[in-house]
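Close look at the chain arrangement
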Protein chains: 2
Amino acid sequence: MARLLDLPDSVYIPRYGERVAPTGEHLTPPSSGVVARIIDEVYELCRGDTSGALADYIPELAAVQPDSFALCLATADGQVYGSGDLDTAFTIQSISKPFTYALALADRGTAAVAERIDVEPSGEPFFEISLDPTTQRPRNPMINAGAITAASLVTGHDAADRFERIRRSYCRFAGRDLRLNADVYASEARTGYRNLAIGYLLRGAGIIDIDPDEAVDRYFRQCSIDITCRDLAIMAATLANNGVNPLTHERALTAPLVEQVLSVMTTCGMYDAAGDWVTTVGLPAKSGVGGGILAVLPGQLGIAVYSPRLDAHGSSVRGVKACRELSNRLGLHFLHVTRAAHTAIRASYSVAEAPSRLRRDPEELALLRQFGDRARMVELNGDLLFAGAESAVRAVEEITGDLEALVLDVREVGDVSAIAVRMLEDLQAELAADGCRVALVDPDAKLGHLESSLDPADPRGRVFIDRDTAAEWCEQIILERHGPHRTAHAALTVADHPALAGLPADEQHRLAQEFEIRTLARGELVVAKGSPRAGLFLILDGRVRMSFAARDGRRHRLISLSTGMSFGEISMLLDEPFTHDIHAETTVRLAVLSPKRFDTLTEQAPEVKVALLERLAVAAYGQADAAVRALAAHGGAY
Amino acid sequence: MARLLDLPDSVYIPRYGERVAPTGEHLTPPSSGVVARIIDEVYELCRGDTSGALADYIPELAAVQPDSFALCLATADGQVYGSGDLDTAFTIQSISKPFTYALALADRGTAAVAERIDVEPSGEPFFEISLDPTTQRPRNPMINAGAITAASLVTGHDAADRFERIRRSYCRFAGRDLRLNADVYASEARTGYRNLAIGYLLRGAGIIDIDPDEAVDRYFRQCSIDITCRDLAIMAATLANNGVNPLTHERALTAPLVEQVLSVMTTCGMYDAAGDWVTTVGLPAKSGVGGGILAVLPGQLGIAVYSPRLDAHGSSVRGVKACRELSNRLGLHFLHVTRAAHTAIRASYSVAEAPSRLRRDPEELALLRQFGDRARMVELNGDLLFAGAESAVRAVEEITGDLEALVLDVREVGDVSAIAVRMLEDLQAELAADGCRVALVDPDAKLGHLESSLDPADPRGRVFIDRDTAAEWCEQIILERHGPHRTAHAALTVADHPALAGLPADEQHRLAQEFEIRTLARGELVVAKGSPRAGLFLILDGRVRMSFAARDGRRHRLISLSTGMSFGEISMLLDEPFTHDIHAETTVRLAVLSPKRFDTLTEQAPEVKVALLERLAVAAYGQADAAVRALAAHGGAY
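Given the structure is predicted, the values throughout are model-derived calculations rather than measurements.

The rules behind each value
- Residues numbered from 1 in each chain as written.
- Chains lettered and ligands numbered in written order.
- Predicted model: local features only at pLDDT ≥ 70, side-chain atom pairs only at ≥ 80, totals over all residues.
- Heavy atoms only, no water.
- Phe/Tyr/Trp six-rings, centres within 6.5 Å; stacked < 30°, edge-to-face > 60°.
- Helix = DSSP H or I, 4+ residues; strand = E, 2+ residues; numbered from the N terminus.
- Lys NZ or Arg CZ within 6 Å of the ring centre and 35° of its normal.
- Domains from an automatic or database assignment.
- Contact = heavy atoms within 4.5 Å.
- Buried area = accessible area lost by both parts, 1.4 Å probe.
- Salt bridge = Lys/Arg side-chain N within 4 Å of Asp/Glu carboxyl O.
- Polar contact = N/O pair within 3.5 Å; in protein donor to acceptor, adjacent residues only side chain to side chain.
- Nonpolar A, V, L, I, M, F, W, Y, C, P; charged D, E, K, R; others polar.
- Pairing = 2+ DSSP bridges.
- Axes fitted to C-alpha atoms, helices over the stretch in contact; angles between N-to-C directions.
- Core = buried A, V, L, I, M, F, W, Y, C linked by side-chain atoms within 4.5 Å.
- Buried < 20%, exposed > 50% of the residue type's maximum accessible area, 1.4 Å probe, protein only.
- UniProt positions renumbered as here; feature names shortened; annotations may be inferred.
- Parallel < 35°, antiparallel > 145°, perpendicular 65-115°, else oblique.
- Left-handed = near helix turned anticlockwise from the far one by under 90°.
- Right-handed = clockwise from strand over helix to strand, strands pointing away.

**As for the packing of aromatic side chains**
By convention here, two paired aromatic rings are described through the distance between centres and the angle between planes. Enumeration according to the criterion identifies 15 aromatic pairs over all chains in this entry. For the pair Tyr43 of chain B and Phe69 of chain B, a centre-to-centre distance of 4.4 Å together with 10° between the ring planes defines the contact as stacked. One end of the pair, Tyr43 of chain B, is in helix H1 (residues 34–47); the other, Phe69 of chain B, is in the loop between helix H2 (59–62) and strand S1 (70–75), and 26 residues separate them in sequence. Ring pairs connect the aromatic residues Phe99, Tyr170 and Phe173 of chain A, which therefore count as one cluster. A cation over a ring is seen here: Arg221 of chain A above Phe163 of chain A, with NZ or CZ 5.7 Å from the ring centre.

Rendered as structure tokens:
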């Protein structure tokens with residue numbers, strides 16, 4: 001007879017069937033909405049099935065409301081949908097097995113646990129002893145023999161601590177404090193002769209090292225923990241969310257162990273109905289004689305059902321039916337084929353098609369038109385697992401013609417696997433060997449490159465926070481390789497500035513004197529957003545930048561203007577305040593024509609004003625044209 | 001003794017071990033590249049393992065090159081990577097089982113097959129007879145008893161035709177003509193006493209209806225079909241590609257049966273090592289004593305290995321090792337958690353943030369600034385399975401504030417499940433009941449709405465081919481609900497046109513006379529792309545549209561201009577040809593000022609020209625500003 005160990009003080013004993021108040025506001029499922037209605041439909045459909053029988057090997061299990069029924073779905077990001085008796089407590093029973101197995105794996109390591117418990121489906125009912133005839137190992141951790149062995153492997157400084165560690169581990173999965181049901185535990189302990197026999201057999205075979213009474217007692221306790229359907233759904237969602245509880249954000253299990261536990265649930269979780277379950281439901285799952293079933297769609301959601309009438313395999317009748325219905329209706333089968341692998345490349349274009357926002361002079365524009373197709377930007381999206389990375393790499397390897405610069409924009413990428421990182425690094429090295437420089441747009445360091453290398457020989461290349469800066473880097477590579485070797489734009493006098501070009505020499509000179517010269521340091525504010533019309537600004541030397549705050553919270557440049565260009569016309573002509581901040585991007589020297597002087601020019605020198613306006617209009621249309629072209633190239637089918 | 005049935009003439013018998021020439025150019029794997037190198041690495045790693053023994057129950061299987069080794073990976077879109085003896089022929093053996101099972105399912109239906117063959121893992125070696133003690137059904141189709149039963153269920157007008165149907169079915173999976181290896185078949189047939197015993201037992205139990213000799217003979221034949229490692233990879237990729245051969249694009253199996261077959265492979269494909277395989281490799285798979293292994297990652301890729309030395313379970317030693325290595329390195333475990341569910345919403349913004357390309361007048365612009373946040377566009381991407389649709393629906397349901405128009409842009413969406421369609425329809429109906437009209441941008445009818453409903457009461461709403469037209473539809477709803485009731489813009493005279501506004505009356509009148517009036521029908525070309533400067537065009541009545549051909553092959557509008565607006569200035573001022581076609585969007589009346597008249601205006605009436613240029617520059621900057629704002633709103637962090 002298993003001993004009743006002293007219960008730690010922390011273990012509160014709720015009355016059986018008592019409604020347990022959930023913690024946290026997230027836990028109230030929406031009562032309306034598209035998804036809530038689908039759950040309701042499945043619930044109503046299954047509610048009519050009153051076949052099956054209550055477990056009756058102990059009186060407590062036979063004493064529950066036989067019609068009680070709850071159905072709950074929790075997404076991997078913590079949204080909960082449910083119908084029915086979501087907060088009715090019942091004992092977890094065999095659904096505890098994968099969680100204790102997980103704790104044993106975490107405590108002892110996968111290899112040490114594998115020496116004691118195999119992972120093969122037994123093809124036999126859960127009460128079979130099923131030890132391997134050669135190794136004496138239990139066939140898997142989902143049958144009682146394997147579960148008792150797993151319970152024996154949990155570490156702790158004494159028996160009470162070892163159980164408490166199991167309980168706390170379940171709590172991390174559920175996101176709230178779970179308690180032992182003392183009545184059920186006492187009954188299990190009083191009548192569990194068969195499990196005690198299994199414990200002694202395992203001890204005899206050397207599979208269990210500790211006192212078999214303690215191992216079996218721990219197993220009885222873990223099976224007697226009270227949970228609700230809602231708890232089970234969150235536990236399932238925690239497995240779906242790679243081991244992190246989506247409500248508390250606490251990690252309950254490492255990702256590799258999640259994979260191991262879900263694998264064993266897949267082949268062994270539904271005992272001798274595992275094959276039928278995989279075929280018709282297709283979700284890793286576990287059922288318990290308490291009437292619960294838990295099922296997991298990795299990465300997406302968890303499902304829980306509570307209905308205590310059981311079928312011949314010891315699983316909830318309505319539970320099996322509801323899981324089957326949900327899987328069919330919602331398309332949850334884990335072998336359901338998707339095309340996710342094919343959507344890795346979102347767009348691919350050259351810098352000739354989508355230039356940077358640095359305004360270029362005509363000579364540079366001509367070079368970029370001619371050679372710009374040698375610098376390409378490739379935008380990736382979706383998860384970058386092997387298949388996604390394979391299509392991305394293949395697409396780049398299939399680019400024909402000379403490639404001198406390549407930018408991979410990974411901002412829209414989701415999950416990135418280690419193999420994808422390696423494949424992209426290999427690709428970078430391969431391209432670098434062919435003389436093509438590679439950069440990333442990766443502000444969140446998804447590929448792990450936290451620093452941008454300035455060394456052109458470093459195959460890791462540059463990392464940019466936005467596509468615009470990367471496009472300018474591409475353009476610079478093209479201009480350096482194909483343009484005449486030249487220094488930066490020479491500084492201009494006002495009279496030399498293109499805005500005054502073509503005027504008769506005397507008028508040029510007269511107008512030039514009307515301008516005031518200003519010099520600003522790098523980073524200094526030239527004109528603030530919201531300023532009233534402040535004059536016509538000619539850039540004599542250096543660069544200015546208009547910038548805006550984007551949806552990603554970062555400041556991005558709208559456009560950079562350099563020597564020989566002008567700004568302030570919009571505000572002057574429309575008599576409207578400046579729409580963006582303008583900062584000096586380098587030390588900059590400006591010539592400014594005051595608004596008053598600009599206005600009076602019409603009467604005093606109409607032909608000068610015509611010439612000036614024509615040049616400004618040309619610049620404006622050039623700017624509009626560039627913006628529209630960028631929109632067409634980027635937006636594609638906007 | 002199984003009878004040697006007459007072979008159909010079509011069955012060519014290659015010599016055993018002969019290199020079989022592949023068909024089609026797609027089939028030559030790339031010898032270099034990032035992925036090819038990874039495959040090579042795994043190949044080299046596994047090559048050193050020479051443990052295991054050749055199958056020797058018939059002399060032909062023991063006569064192969066024991067060191068022969070091939071590793072091949074084929075993606076679901078038909079890219080093939082491989083190393084080693086990819087074109088060496090070997091017999092398919094037990095890897096035939098899932099394919100004949102698939103054909104039986106297609107011929108007889110899932111329910112009829114389930115009456116004869118269960119889908120439960122047996123936990124026993126492949127040669128076990130494993131009939132269910134109650135129903136007498138073989139435990140699953142992957143053990144010999146189940147495979148012989150599946151072969152007995154294939155339909156055809158005689159025994160030869162039934163085998164020929166099996167062979168042709170395999171050919172559809174492989175994408176080339178596969179042949180029977182007569183030597184192996186003859187040996188199998190001569191020595192297959194145990195399988196004959198199984199056949200007679202099955203006939204005795206009533207599981208097989210036909211002559212058991214015929215069923216077992218067919219099974220021997222299917223096991224003796226010669227394939228190569230490359231063939232197996234394509235067969236696996238066909239399963240990965242939802243049953244469609246990625247090279248021939250021929251459907252080999254329906255999608256629901258693919259799911260059924262992969263489910264059974266998951267739990268039973270690797271016999272008594274199924275649990276270990278699911279845990280460490282995590283791919284539905286099947287091995288054969290010929291030395292082949294086939295594994296499938298649904299939706300993504302197929303893997304095949306050939307190496308004839310077998311382990312104790314009858315599976316290729318190097319094959320198991322290579323699959324384990326590939327799965328680990330490439331992250332292929334089918335329970336590997338991805339975040340795919342969370343990336344369904346790509347962007348969400350109001351029409352105030354991203355207006356349509358119809359240029360609006362100031363009154364309309366003011367209304368759209370005030371109420372434009374009541375019309376929202378939501379761009380979705382990724383696969384729209386349940387979890388993706390759930391997050392999309394939730395995001396829309398969580399939009400606060402009055403919503404009067406909603407556009408769902410599904411152009412970047414991949415696979416769409418039936419449940420996602422239903423959920424989006426439910427959402428439309430829900431929003432329609434609250435007075436919000438819903439439209440789709442869905443040029444490819446991914447959601448199955450082939451026609452755009454013009455009935456405002458139809459909850460299916462409108463379907464647009466691009467976002468721009470949908471945005472204009474949203475704006476129209478806002479303007480109709482919140483603007484003063486008004487008819488279309490009244491037609492203008494030249495003198496009333498804003499381009500001439502503010503000029504002294506006599507000059508206005510004088511200039512107006514210089515314009516020529518033209519009327520064009522809807523759809524008529526106004527100016528062709530590439531035309532030289534053709535004058536200044538004022539729109540007196542109607543609308544014109546500039547359009548461009550986008551990357552999706554469709555024509556999209558760049559911008560629409562309406563009564564009171566002008567065009568042609570860019571070409572006039574820059575002296576450059578028109579960059580886009582301009583068509584009449586409605587019947588349109590235009591006033592045109594010839595280039596010559598425009599040019600001479602400077603000397604004759606400089607103050608008129610200044611006034612005109614100022615107005616044109618204002619229009620140009622307005623256009624530039626709108627384009628830049630659209631770019632910022634749409635591109636976000638461009």
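Having seen the structure, we can now continue with the description.
**Here's the deal with the domain arrangement of chain A**
All names here are of chain A. As far as domains go, chain A holds domain 1 (61–330), domain 2 (344–482) and domain 3 (505–633). Counting residues at the interface gives 15 residues for domain 2, matched by 14 residues for domain 3. Counting each side, the surface lost to burial between domain 2 and domain 3 is near 1,400 Å², with a carbon and sulfur contribution of 45%. The largest contributions to the domain 2 side of the interface with domain 3 come from Arg357, Leu358 and Arg359, which together make up 50% of the buried area. Across the contact surface, domain 2 and domain 3 share one salt bridge. In this structure, Arg543 engages Glu472 in a salt bridge whose closest nitrogen and oxygen atoms are separated by 3.3 Å. Counting every contact that joins domain 2 to domain 3 gives one residue pair in polar contact (both at pLDDT 80 or more). In the side of domain 2 that touches domain 3, the residues fall into five nonpolar, one polar and nine charged.

**Quick notes on the sheet that holds strand S10 (residues 405–416) of chain A**
Residue and element names in this part refer to chain A. The mixed open sheet is built from five strands, whose spatial order is S8-S9-S10-S11-S12. Taken across any chain shown, the strands that pair with only one partner, and hence form the sheet edges, are strand S8 (345–350) and strand S12 (462–464). Here the average twist between neighbouring strands, direction ignored, is 20°. As defined by bridge partners, S8 adjoins strand S9 (residues 375–384) across five bridges and the pair is classed as antiparallel. Within S9, the residue paired with Ala347 across the bridge is Glu379. Contacting S8, S9, S10, strand S11 (437–441) and S12, helix H17 (residues 467–482) crosses the sheet at an angle of about 160° to S10.

**Considering the nonpolar core**
Membership of the largest hydrophobic core comes to 261 residues, with the highest contact counts inside it found for Ile303 of chain A together with Met235 and Ile303 of chain B. Apart from residues lying up to four places away in sequence, Ile303 of chain A is in contact with Leu71, Cys72, Leu73, Ala236, Leu283, Ile293, Leu294, Ala295, Cys323, Leu326 and Leu332 of chain A.

**A word on the environment of Leu283 of chain A**
Counting through the fold element by element, Leu283 of chain A comes out in the loop between helix H12 (274–280) and strand S5 (285–287). What makes Leu283 of chain A buried here is its relative accessible area of 2%.

**Regarding the UniProt feature "binding site: substrate" (unreviewed entry) in chain A**
Residues and elements named next belong to chain A. Summarizing the sequence annotation, UniProt attributes the feature "binding site: substrate" (unreviewed entry) to Ser94, Asn144, Glu188, Asn195, Tyr219, Tyr271 and Val289 in the numbering used throughout. Secondary-structure assignment places Glu188 in helix H7 (residues 182–191). When sequence neighbours within four positions are dropped, the list of residues in contact with Glu188 reads Tyr57, Ile58, Gln93, Phe220 and Ser224. For Glu188, the side chain forms a polar contact with the side chain of Tyr57, separated by 3.1 Å. Here Val289 is to be found in the loop between S5 and strand S6 (292–297). A relative accessible area of 13% places Val289 in the buried class.

**Concerning the packing of helix H6 (residues 159–174) of chain B against helix H9 (residues 212–223) of chain B**
Residue and element names in this part refer to chain B. Packing of H6 against H9 leaves a shortest axis separation of 10 Å and a crossing angle of 30°. Relative to H9, the element H6 lies roughly parallel. For H6 against H9, the interelement crossing comes out right-handed. Where H6 approaches H9, its residues Ala159, Arg162, Phe163, Ile166 and Tyr170 are matched on the opposing element by Glu214, Arg218, Arg221 and Gln222. By residue class, the composition of the contact of H6 with H9 is four nonpolar, one polar and four charged.

**Some remarks on the pattern of salt bridges**
Scanning the model with the defined rule gives 70 salt bridges over all chains in all. Between Glu164 of chain A and Arg168 of chain A there is a salt bridge, and its shortest N-O distance comes to 3.7 Å. Linking Glu164 of chain A with Arg168 of chain A, this pair stays in helix H6 (residues 159–174), spanning four residues, or about one helical turn. Taking the relative accessible area as the measure of exposure, Arg168 of chain A reaches 39% and is therefore partly exposed. Sharing partners across several salt bridges, the network here consists of Glu41, Glu325 and Arg329 of chain A together with Arg422 and Asp426 of chain B.

**Regarding the pairing of strand S10 (residues 405–416) of chain B**
Residues and elements named next belong to chain B. Among the 12 residues of S10, 10 are classified as buried, and the element is accordingly described as predominantly covered. With eight bridges connecting them, strand S9 (residues 375–384) and S10 associate as parallel partners. Across the sheet, residue Ala375 finds its bridge partner in S10, namely Ala405. Taken together, S9, helix H15 (residues 386–397) and S10 constitute a β-α-β crossover, and its handedness is right-handed. Inspection of the sheet shows S10 paired to strand S11 (residues 437–441) by five bridges, in the parallel sense. What sits directly across from Asp409, in S11, is Val441. In the classification by handedness, the crossover that spans S10, the intervening helix H16 (residues 418–433) and the parallel S11 is right-handed.

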